[in-house]
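# Topology and contacts: notes
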Amino acid sequence: MKFTLSWLKEYLDTNASVNEISEKLTSIGLEVESIKDFSAILKPFTVAEIMETEQHPQADRLKVCKVNAGNGEILSIVCGASNARAGIKIPLARIGTMIPNGNFEIKKSKIRGVESNGMLCSSEELTLEDSSEGILELPLDAEIGQPIAPFVGMDDCLFEIAITPNRGDCLGVYGVARDLSATGIGSLKEIKTEGFTGNFESPIKVNIEDNAGKYFVGVYIKNITSNTSPDWLKKKLESIGKKSISAAVDITNYLTFAFGRPAHVYDADKLKGNLSVRFAKDGEKIKALNGTEYNLTPDISVIADENSPVAIAGIIGGEESGCSKNTRNIFLEIANFNSDDVSKAGRQLQIDSDARYRFERQIDHLSYKHYKTAVKLITDICGGEPSKPVIAGNIEYNNKTITFDFSKIKKITGIDIAETKVNEILSALGFQKNNNNVVVPSWRNDVSIEEDLAEEVARIYGLDNVPTTYIEKPAKKQSALTPSQKKLFEARKILTSQGLDEIVTFSFTNSKFAKEFASEELIEVANPISSDLDVMRPSIIINLIDALAKNIARSRNNLNLFEVGNIFSKQKGEFIQKQCIAGVSTGSKREKSPHYLQENIDVFDTKGECESVLSLYMDPSKMKVQKNQNFGYYHPGKSGTYMIGNQIAAVFGEIHPEIIKKFDIKQKIFGFEVFIDNLPQLKPKTNSAKKLLQENNLQIVERDFAFVLDKTIPVSDIISAIRKAQKDFIEDIRIFDVYEGDKVAEGKKSVAIKVILQPKETTMTDEQIEQISKNLVNAVGAATNAILR
C-alpha cells in the first residue's frame, strides 16, 4: 500500500515528522517497507527551456538543442526524444548528476561528433513512471533554474507499508489515517459523502442472479463535457505510480486508494441493454482492459449486458465497454462481491488487480455510500447530469456485537490498562461500547471474538509496553512432542545412524514420472510453481530417485537418502493424505581397499533399514512378509511387503530396472516405504520406567532343521509356525540356507533353519529338547505341509 505524506494529511491533522509517523505505523502493525523523499531524489534536476533545435548533422533521429538552464547559462545538448522542440520546459540533468533509474553519471561527451553538455530527462529516467516516451514536459509556468520536484507533484514523501491479509480496512489512505489517529499522533478529519439529486431514471437497470454478488449500485451520467483529469488528480495518482487514463477512470482509482473502495465506469453507449451480475456461461470469453482474452467458466462471477460479459466481477473490466477521453455517457458501478468468488477467479485466471486485492480481503460493506463522492467528483470535473441511483442486492448491514469482559484484557495480553483507556482506544478505532457489548464497525471484518478486541487494544496501546513475564520452570519436564512425533524423531535418528542422509523435497512432482508410481488417480496442481511440479506426489520414492539422478549425474554414485513426509492420492473423488517414511540407496556400502573388498548395497540392506523403522511400532517378526504384488515400480522378484492383517505396513526391494531407465540411471537402486497410518496407533505410556535387565546364566540350546516344502510357500510361514508352537523358550530363529536343485524334487525347495532355545529356570534335559523339536516339526508340517529333509 502506497501513499504520500500530503495525501495522509488530507485525512489526519498532525504535525508529526516523517520518522515519527513511520515508527508509529510499524508499532501498530502497518510495517513501513520504504520511504522515498522525492524532493531529495529530484533535487539535482532543475527546470530548463529548449530555446531552439536543429537536426544533428550525423544522425537522422537526433537533435541538437539549445537549452536555457537559468541564470544566463545556455547549454548545447544532444537529444533523441521525438517531442524535443522549442518552447517547452523540461527536466535538466547537468554534468555530474546521477540518473536514478540507471544509476549512471552524466558526463560531458561527444555524440556522433557533436558536444553534449547534459541530459534532458524522461519521467522513466526520473523513476516517476515505469515506462515513458519522450522527455518529460513540465508546466509552462515552471520557473527556469528551480528544482523540478514541485512542478511534478513530487515535493513529498512516499510511504510504502505492508498490509497483513486481515487488514483490508487499511487498503485506503483514510483507513491508515484512522489507525494512526487512535495512537494519538493526530486527529482524524471527518469525511462526509456529499449527496446529489438524480434528475431522471437510469436507462440501464441491474439485477443480481444466483448470489453472484452482494449488491450493485449504479448511476447513469449523461452528457459529460470533458474527460480530462485536473492536475491535482493526476499528480495524486502519479505520486503512487498510477498513470492518468481519463477523468472518470481516474476518479474510480482515487476512490480505490483513498477509501479502499474499488469502483468501475462503463462507456454507457457501448453497453447492450441492461446489466446483470451472474456466473459466466460455459464457453464465454472476455477481452479485458489489460488486452488479454480470458476463457470463462461457470464458477466465475461476471457483470454482463444482454449480449456478453463486460467485466469480471471484482477483478477487471472489459476492453469493449471501457471509457476513453471521447466517452460522453457513462455508467458508474459501486458494487460488492463475495471475497471467495473473487479470490478463486483471480487465481484461476491469474489476474492481479487493485480491485481484486481489496475484494478478496473484504471491503467495508457500507462504503457503497461513496457512489455519492464519485458522482460529485465526476459532475464537478467532467460536467454531465446524473440519474437516480439503481440498486440491486442488499445494501443493508447488521453490525456484529461482541460481549467483552474488560477484566480479561490483562489475562489475554499481560497489560494492565484502565478501562477508560480501553474505551478510548476502541472508540478511536470506530468500535462502540454499550455496557459489556462492543459493536464492531462495518470496515473491521476481521474482528469477531473477545481476543480480537484485546489484540486491538494492545496494538494501539503499544506492544513495547507489554511487561516481561518469566514463566516458572515446571517441577517435572514435559515433552512438547506427542507420542507419534517422538516415534518419527526416533525413526530419523535410527536411519541417520545407519548412514542415511535426510532430505526434504517438494510435496509436488512431475506427472511424467508420477503416473508410473500411482495406483489411484493423480491430483493435479491448479497453479503449479513449475511445469515439472504439476501433480501431488503419490510416493516419496519419486522425488528421492530424482535426487539420486541429479547426484549421480555429478559423479556422486554412493548415496543413501531418506525423507519423512506425506503422500497424496485421490480415491472415489476424495483427496487422501498419508504419512510415510521412505528411503533409497545405491552404489557401494564401502569402497575397495587393501583390507577388504568393495561391497555393494543389496536388497537385504534395504530390508534391514525398513525393519529398523517398523521395530519402533511393533516386532517385524510378527508381521507377515509376502511377495510384492501391489507396487509395480519395484522389481517383482526382488521385493516384498510387510502385512498387518490386510493392511500393507511397508514395502521394500530393488526399484524396477524400467523405472530407473526413465530417470537416466544406469546402476541399481534399492528402496523402502513405511506407511505410518497403517501401523498400530500409539498410546501414551502411563509408566515410562524401563524393565529390569533379566540375566540368564543357563546355557542356550541350538537345533538345526532342514525342511522340504513347495517353493511357492513363503519362508516366513515356517518362522511364524515355529514361534507359535514354542513361545516360552525360543530366543531367536535364523535362516542359513535355501536350496533348489537336483537334490530335491521339482517344484520343491529346502530351507535350513537354526532355532536357539533359552532355558528359563533349569537346564533342559534331552527329553525336553527332543519333545520341543518334535513339536516344532509337527507345527511346521501342519502349517506348510513341509517334511524334514
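Just so it is clear, the structure is predicted and the values come from calculations on it, not from any experiment. (Residues numbered from 1 in each chain as written. Predicted model: local features only at pLDDT ≥ 70, side-chain atom pairs only at ≥ 80, totals over all residues. Heavy atoms only, no water.)

## Description of the pairing of strand E7 (residues 89–93)
Within E7, 5 of the 5 residues are buried, which leaves the element mostly enclosed by the surrounding structure. As paired elements, strand E4 (residues 46–55) and E7 share 4 bridges and run antiparallel to each other. Across the sheet, Val47 pairs through a bridge with Pro91, a residue of E7. Strand direction decides the pairing type here: E7 and strand E12 (residues 119–120), joined by 2 bridges, are antiparallel. What sits directly across from Leu92, in E12, is Leu120. (Buried < 20%, exposed > 50% of the residue type's maximum accessible area, 1.4 Å probe, protein only. Helix = DSSP H or I, 4+ residues; strand = E, 2+ residues; numbered from the N terminus. Pairing = 2+ DSSP bridges.)

## Focus on the packing of helix H5 (residues 231–238) against helix H6 (residues 247–259)
If you want to describe how two helices pack, look at the angle between their axes and the distance between the axes. In the contact formed by H5 and H6, the axes pass within 10 Å of each other and the chain directions differ by 50 degrees. The orientation of H5 relative to H6 falls into the category oblique. Here the hand of the crossing between H5 and H6 comes out left-handed. For the pair H5 and H6, contact is made by Trp232, Leu233, Lys236 and Leu237 and by Ala247, Asp250, Ile251, Asn253 and Tyr254, respectively. Classifying every residue of the contact of H5 with H6 gives 6 nonpolar, 1 polar and 2 charged. (Axes fitted to C-alpha atoms, helices over the stretch in contact; angles between N-to-C directions. Parallel < 35°, antiparallel > 145°, perpendicular 65-115°, else oblique. Left-handed = near helix turned anticlockwise from the far one by under 90°. Contact = heavy atoms within 4.5 Å. Nonpolar A, V, L, I, M, F, W, Y, C, P; charged D, E, K, R; others polar.)

## Things to note about the sheet that holds strand E29 (residues 437–439)
Reading across the sheet, the 3 strands line up as E27-E29-E28 and stay open at both edges, with antiparallel pairing between neighbours. In the strand order of this sheet, the two ends are held by strand E27 (401–403) and strand E28 (432–434), each with one partner. Each adjacent strand pair in this sheet contributes to an overall mean axis angle of 25 degrees, direction not counted. Here 3 bridges tie E28 to E29, and the two strands are oriented antiparallel to one another. Within E29, the position partnered with Gln432 by the bridge is Val439.

## Here we look at the layout of surface pockets
Looking at the largest pocket, its volume works out to about 1300 Å³. Those elements that place two or more of their residues in the lining of the largest pocket are helix H16 (603–614), strand E37 (624–627), strand E38 (634–644), helix H18 (715–725) and strand E42 (730–739). Per-element accounting of the lining of the largest pocket gives the leading share, 7 residues, to H18. (1 Å grid on protein atoms, 1.4 Å probe; cavity = no way out; pocket = protein on both sides within 12 Å on 5 of 7 lines; lining within 4 Å. Points joined across faces, edges and corners; volume = space filled by probe spheres on them.)

## Examining helix H2 (residues 18–27)
Side chains of residues three or four places apart in an α-helix project in the same direction, reflecting 3.6 residues per turn. When we look at burial in H2, the residues that qualify are Ile21, Ser22 and Leu25. The buried residues of H2 occupy one face: seen down the axis, they fall within an arc of 100 degrees. Seen from the open side of H2, the exposed residues pointing more than 90 degrees away from its buried face are Asn19 and Glu23. Where H2 is buried, its residues touch strand E1 (2–4), helix H1 (5–9), strand E3 (32–37), strand E13 (157–161) and helix H4 (173–182). (Arc of directions from axis to C-beta.)

## Some remarks on unusual backbone geometry
One non-glycine residue with positive phi stands out, namely Arg112, at about 55 degrees. Inspection of the secondary structure puts Arg112 in the loop between strand E10 (109–111) and strand E11 (114–116). The class for Arg112 is exposed, based on a relative accessible area of 54%. Of note, Ser555 is a non-glycine position whose phi angle comes to about 70 degrees, a positive value.

## Thoughts on the packing of aromatic side chains
For the structure on display, the rule yields 21 aromatic pairs. On the numbers, 4.2 Å between centres and 20 degrees between planes, the contact of Phe513 with Phe663 is stacked. Taken together, the residues Phe513 in helix H14 (residues 511–514) and Phe663 in the loop between helix H17 (657–662) and strand E40 (669–675) connect sequence positions 150 residues apart. Take Phe513 and Phe663: they sit in the same class, and that class is buried. Put simply, the rings of Trp7, Tyr11, Tyr174, Trp232, Tyr254 and Phe259 pair up and form one aromatic cluster. Over the ring of Tyr357 we find Arg361, and its NZ or CZ is 3.8 Å from the ring centre. The side chain of Lys754 reaches across the aromatic face of Phe736, ending 5.8 Å from its centre. (Phe/Tyr/Trp six-rings, centres within 6.5 Å; stacked < 30°, edge-to-face > 60°. Lys NZ or Arg CZ within 6 Å of the ring centre and 35° of its normal.)

## Overview of the sheet that holds strand E6 (residues 73–79)
Pairing is antiparallel across the open sheet formed by 5 strands, whose spatial order is E6-E5-E4-E7-E12. Across the chains shown, the open sheet's two edge strands, defined by having one partner strand only, are E6 and E12.

## Section: the packing of helix H11 (residues 419–428) against helix H12 (residues 450–461)
Where H11 meets H12, the axes come as close as 10 Å, and the angle between the chain directions of the two elements is 95 degrees. Taken together, the axis directions place H11 and H12 in an arrangement best described as roughly perpendicular. On H12, the residues touching Lys421, Val422, Ile425 and Leu426 of H11 are Leu453, Glu456, Val457, Ile460 and Tyr461. Partitioning the contact of H11 with H12 into residue classes produces 7 nonpolar, no polar and 2 charged.

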